[in-house]
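# Analysis of the macromolecular model
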Amino acid sequence: MNFSPIPTELIAHLRAARRVAVLTGAGISAESGVPTFREAQTGLWARYDPEELATPDAFRRNPKLVWEWYAWRQERVRQAEPNPGHLALVEMERRIAEFTLITQNVDGLHRRAGSHQVLELHGNLFRAKCLDEDRPVESWPDSAEIPPRCPRCGALLRPDVVWFGEMLPAGALRAAEQAAATAEVFLSIGTSTLVYPAAELPFTALRAGATVVEVNPQPTPLSPHVTFSLNGPAGAILPALVEQVWNGSAGAEGAGR
Ligand code: OAD
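Computed from a predicted model, the values in this text were never measured in an experiment.

How each quantity is defined
- Residues numbered from 1 in each chain as written.
- Predicted model: local features only at pLDDT ≥ 70, side-chain atom pairs only at ≥ 80, totals over all residues.
- Heavy atoms only, no water.
- Near = heavy atom within 4 Å.
- Polar contact = N/O pair within 3.5 Å; in protein donor to acceptor, adjacent residues only side chain to side chain.
- Areas by Shrake-Rupley, 256 points an atom, 1.4 Å probe, with all protein chains shown as cover.
- Nonpolar A, V, L, I, M, F, W, Y, C, P; charged D, E, K, R; others polar.
- Pairing = 2+ DSSP bridges.
- Helix = DSSP H or I, 4+ residues; strand = E, 2+ residues; numbered from the N terminus.
- Axes fitted to C-alpha atoms, helices over the stretch in contact; angles between N-to-C directions.

## Quick look at the site of the ligand
In the region of the ligand, 21 residues are neighbours, and Ala26, Glu31, Thr191, Ser192 and Asn216 sit closest. Gly27 is positioned such that a nitrogen or oxygen atom in its backbone is 3.5 Å from an oxygen atom of the ligand. Note that an oxygen atom of the ligand is positioned 2.6 Å from one of the side-chain N or O atoms of Ser192. In the complex, the protein chains occlude 85% of the 800 Å² of accessible area that the ligand would expose alone. Considered class by class, the residues forming the shell around the ligand number nine nonpolar, ten polar and two charged.

## Side note on the sheet that holds strand β3 (residues 118-120)
Strands sit in the order β3-β2-β1-β7-β8-β9 across an open sheet of six strands; the sheet is parallel. Two strands lie at the open edges of the sheet, namely β3 and β9 (228-230), each paired on one side alone. Strand-to-strand, the axes of this sheet are offset by a mean angle of 15°, without reference to chain direction. Taken together, the three bridges between strand β8 (residues 211-215) and β9 define a ladder with parallel strand orientation. By the bridge assignment, Glu214 is partnered in β9 with Ser229.

Structure follows, in structure tokens:
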């Protein structure tokens, strides 16, 4: 796999860093075969616009359709495995004193890979919550009804994900902002940096003086501002970065070749 060498200066910064924050988006799961949000529409679902399914209005209009769309996405994620990019971040968590992993992904692959501390800003595909009480529901009695109903109050259950127009979970967002504001190194990985407030986090880190690194094969609105751009797939770049920072090959020579 070819990508630019990892700058020696970045290797030194990461090796010395005590506080590191990472923001991931759909790109980190691309190499696991999980389609990004906007690519997810194939087969039966090709005629639906995801932005029209992932909204409170869509659920009110047709809860069965929306629930089934999420069930289909769950199935695709169940068939996927974490990739070397996810695993490299597990390794980074082990090496850094204060490490915060912030994700916009709802696929749960960071935890499946073995990351312990994960702030899920957009929720999780595999959880449900009560539409009326807005509280998580772990399990519900088997029934033919779709969506199933809350075992406590009988209201409909909905996926525990953040839909367009909804607020992010306040505690997770606060923790993410705090991590961005105090990180010495901030990595923005596989995200188009278009969807706010998550897209604000690398800018918060920049304003606070952090070294900000972007890992993405394509430029994004963040690219002109970062300290280092690593252009290529996360599944190749992140393992090379971890290897060079912590397993001794000190220079940039040979990176990724
Ligand atoms: P996007 O689908 O907008 O962007 C994915 C990014 O990953 C792009 O910039 C790609 O260039 C990059 N990419 C693709 N393959 C990659 C690879 N192998 N390694 C690294 N990067 C790669 O996904 P997000 O930025 O995550 O929100 O989208 C943010 C939010 O928009 C999602 O969480 C979702 C969506 O609307 C909600 O559902 C609330």
